Structures are given as C-alpha cells and as structure tokens.
Amino acid sequence: MNQDQIQQEISIIKSMIEKTRRETAESGHFLILIGIVSVIGTFAIGMFERFKLNYLDLPVMILMLVINGLIGYFVVARAEKKEKVKTYTKTILYQVWFGCGIAAIMILFLFPLTKVYSFNLVPTLVSIIMGIIIFSAGVIYELRYVQWCSLVWWGGACLMAYIESEYKFLIMVAMIIFGFILPGMIFNKQYKNRSKKNEA
Amino acid sequence: MRHEKILQLDPIIHAPTRLAILSLLITVENANFTYLKESTGTTDGNLSTHLTKLEESSYITIEKTFKGKKPQTICAMTEKGKKAFAKYLEQLEQIVQMQQDKT
C-alpha cells in the first residue's frame, strides 16, 4: 500500500464523516417557532397581570404549552419523515428536550397548583431548565454561541428571583428572544450553510 | 514487517465503496439505502452487492421496513463491524507511521 492509496482511503473516510455531519444539522425551526409562541404568550400574561386579569394567566399558559407541544410533535414528525439517516446526536438532543419538557411542566403546573411553592418562583425555575436545554443543545452540536445563550437563561433566572416588578415579564420576553429565537437562528444559519455545501 | 501489516488489512473493508459505507455508518445509528447511494455515488446494484457482502460478514445489519406506504432498507453497523473498522483505522495509522519513519 503506497502513500497515495493511504491518502485516498483517509480522504474517503473524512469526506463521508463530513457529509453525515452536514446532513444531520439541526434546522432550528423548533426553537424559533416555540420562541415566537412563547414571546406572544408571555407578553399576553404580562399584560393580563398589568390590567388585573390574572384569571386568564393559567388558560394562556396551558394554551402556550399545547401549541408548543404540537409544534414539537409536527417538527419532529416532519423531520423523521424526511430523515434518511438517524443519528445519535439527534436522538440524544430530542430525549434531553423531552426530559426537560416534562420537568418544565412539573415546575409550571404541578408544584404551584399543589401549593408547594408560589407562582412567583415559576419563571426562575423554568429559566433554569431552559438554560439546561440550550446549553446541552450547544454542547451536542458543538455550537459555542448557542452554549453562551444559556447564560441568558441562568442570568435571567437570578435577576427574576430578586426583582419584584410588574414589568418582570419583559425580562422573560427578552430572555426568550435571546435564549430561544437567537439560538434557533444560529442553528438555522449552520443548517443552511451545510445544505449549500451538500448541494455543491 | 511492512508486508505483515498489509496482509492484516481487512479485505472486507479494504474496498473504496465498502470503506465509504462503513465510514458513514460508524457516525450514525442507521441510514437508509437512498442516503447511502447518494453519499457513495454508486448504483443500486453495486451498492446492494457491497451491502450484502458486509451483511454476510456481520459488519452491518439490513432491515427492510415501511415508512408509511413506502418500503425502505435500513442499514446499521454491528458491534463486530465497529470493532473491525476501529482495527482497520488503527492499522492504517500504523502504516502511515511506518512510512513516515522510513522517510
């Protein structure tokens, strides 16, 4: 086996691995869509509190959860339908998201409704979970900028724990924009770049 | 010494198309026939032949399923295949090292 043959074999291995990496990039649509729904929902909840319509908070939260659940279901189902290859990366990511989603539901509804703690603590606890979701997505896909976005969630969680204001919801809205929609856009940019390379 | 190493290279893997197939499958849980065909740039018949050879060596598993109403062939690497591929890479590395030592 000469040098050229070895180089050829190594280049085959490299190019195949790179092709798979490109094919399996995350589109970021899920994060962008649930980010938009959450911004609208959080803004609505903030406005209801501002105008003393607190009884509408819970229905909006449930509606937001249902819509986000449906988005998750359709995005994943659509991705699986188009999928030609199944990767460990995506499996791990979806399982982490699913697990954190269950934890978020417990924090959002189960414990406050059973009076374990007050609803005031919910945004802080949910933000900690969201930070874990974004951080793990950044680590799994080796996107450092996405990892940094988790700091928005954790920083915001601290901020919301100590600030008492009727405009607290605006912090949450900013966190969703920079902690969900922005990482989603970073994923989408990488996805488009890789799609272009694959077409080329 | 050098000849010994060459003789040890796994003949099942030591074919460009099969090497490409295994390089793809090592990084994923599974891949379908269309994806393997597109990525390796081979024909249906050629790919089938190579996949059968890999399956006969127990390096991969081939499963025929349905996605909706469409039939599809799903290929995944076995533990034996992963070990053989790792060994192959190790040997390739050793050959490169030996050639570098020579020069």
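One can find the structure itself at the top, above this paragraph.
Not measured: the values here are computed from a predicted model.

Caption draft 1: Representation of the sheet that holds strand 2 (residues 60-67) of chain B within the structure. Across the sheet, 4 strands lie side by side as 1(A)-1(B)-3(B)-2(B); this open sheet has antiparallel pairing. At either end of the open sheet lies a strand with only one pairing partner, and these are strand 1 (85-86) of chain A together with strand 2 of chain B. As paired elements, strand 2 of chain B and strand 3 (residues 70-77) of chain B share 8 bridges and run antiparallel to each other. Considered in strand 3 of chain B, the bridge of Ile 60 of chain B is made with Met 77 of chain B. With respect to the sheet, helix 2 (residues 16-25) of chain B is in contact with strand 1 (30-32), strand 2 and strand 3 of chain B, its orientation differing from that of strand 3 of chain B by roughly 90 degrees.

Caption draft 2: Molecular detail of unusual backbone geometry. All names here are of chain A. Unlike most non-glycine residues, Lys 115 shows phi in positive territory, near 60 degrees. Assignment of secondary structure puts Lys 115 in the loop between helix 4 (88-113) and helix 5 (122-140). Phi at Glu 142 is positive, roughly 55 degrees, even though this residue is not glycine. Along the chain, the position of Glu 142 falls in the loop between helix 5 and helix 6 (144-162).

Caption draft 3: Highlighting the packing of aromatic side chains. All names here are of chain A. Counted by the stated rule, this structure contains 9 aromatic pairs over all chains. Relative to Phe 169, the ring of Phe 43 lies with its centre 5.6 Å away and its plane at 75 degrees, an arrangement referred to as edge-to-face. Here Phe 169 lies in helix 7 (residues 168-199) and Phe 43 lies in helix 2 (residues 29-50), a separation of 126 residues in the sequence. Accessibility expressed as a relative area gives 40% for Phe 43, which makes it partly exposed. By the ring-pair criterion, three or more aromatic residues cluster together here, those being Phe 30, Tyr 94 and Trp 97. Arg 50 extends its terminal NZ or CZ atom over the ring of Phe 51, reaching a point 5.9 Å from the ring centre.

Caption draft 4: Expanded view of the pattern of salt bridges. Evaluated as defined, the whole model comprises 5 salt bridges over all chains. The closest approach of N and O atoms between Arg 50 of chain A and Glu 166 of chain A, which form a salt bridge, is 3.8 Å. You can see Arg 50 of chain A sitting in helix 2 and its partner Glu 166 of chain A sitting in the loop between helix 6 and helix 7, a full 116 residues away along the chain. Between Glu 38 of chain B and Lys 84 of chain A there is a salt bridge, with its nearest N and O atoms 2.8 Å apart. Taken together, the positions of Glu 38 of chain B in helix 3 (residues 33-40) and Lys 84 of chain A in the loop between helix 3 (57-82) and strand 1 put the pair across two chains. Overall, the relative accessible area of 46% leaves Glu 38 of chain B in the partly exposed class. Taking relative accessible area as the criterion, Lys 84 of chain A reaches 26% and is therefore assigned partly exposed.

Cut-offs applied
- Residues numbered from 1 in each chain as written.
- Chains lettered and ligands numbered in written order.
- Predicted model: local features only at pLDDT ≥ 70, side-chain atom pairs only at ≥ 80, totals over all residues.
- Heavy atoms only, no water.
- Pairing = 2+ DSSP bridges.
- Helix = DSSP H or I, 4+ residues; strand = E, 2+ residues; numbered from the N terminus.
- Contact = heavy atoms within 4.5 Å.
- Axes fitted to C-alpha atoms, helices over the stretch in contact; angles between N-to-C directions.
- Phe/Tyr/Trp six-rings, centres within 6.5 Å; stacked < 30°, edge-to-face > 60°.
- Buried < 20%, exposed > 50% of the residue type's maximum accessible area, 1.4 Å probe, protein only.
- Lys NZ or Arg CZ within 6 Å of the ring centre and 35° of its normal.
- Salt bridge = Lys/Arg side-chain N within 4 Å of Asp/Glu carboxyl O.

Any functional reading would require information beyond the geometric quantities listed.
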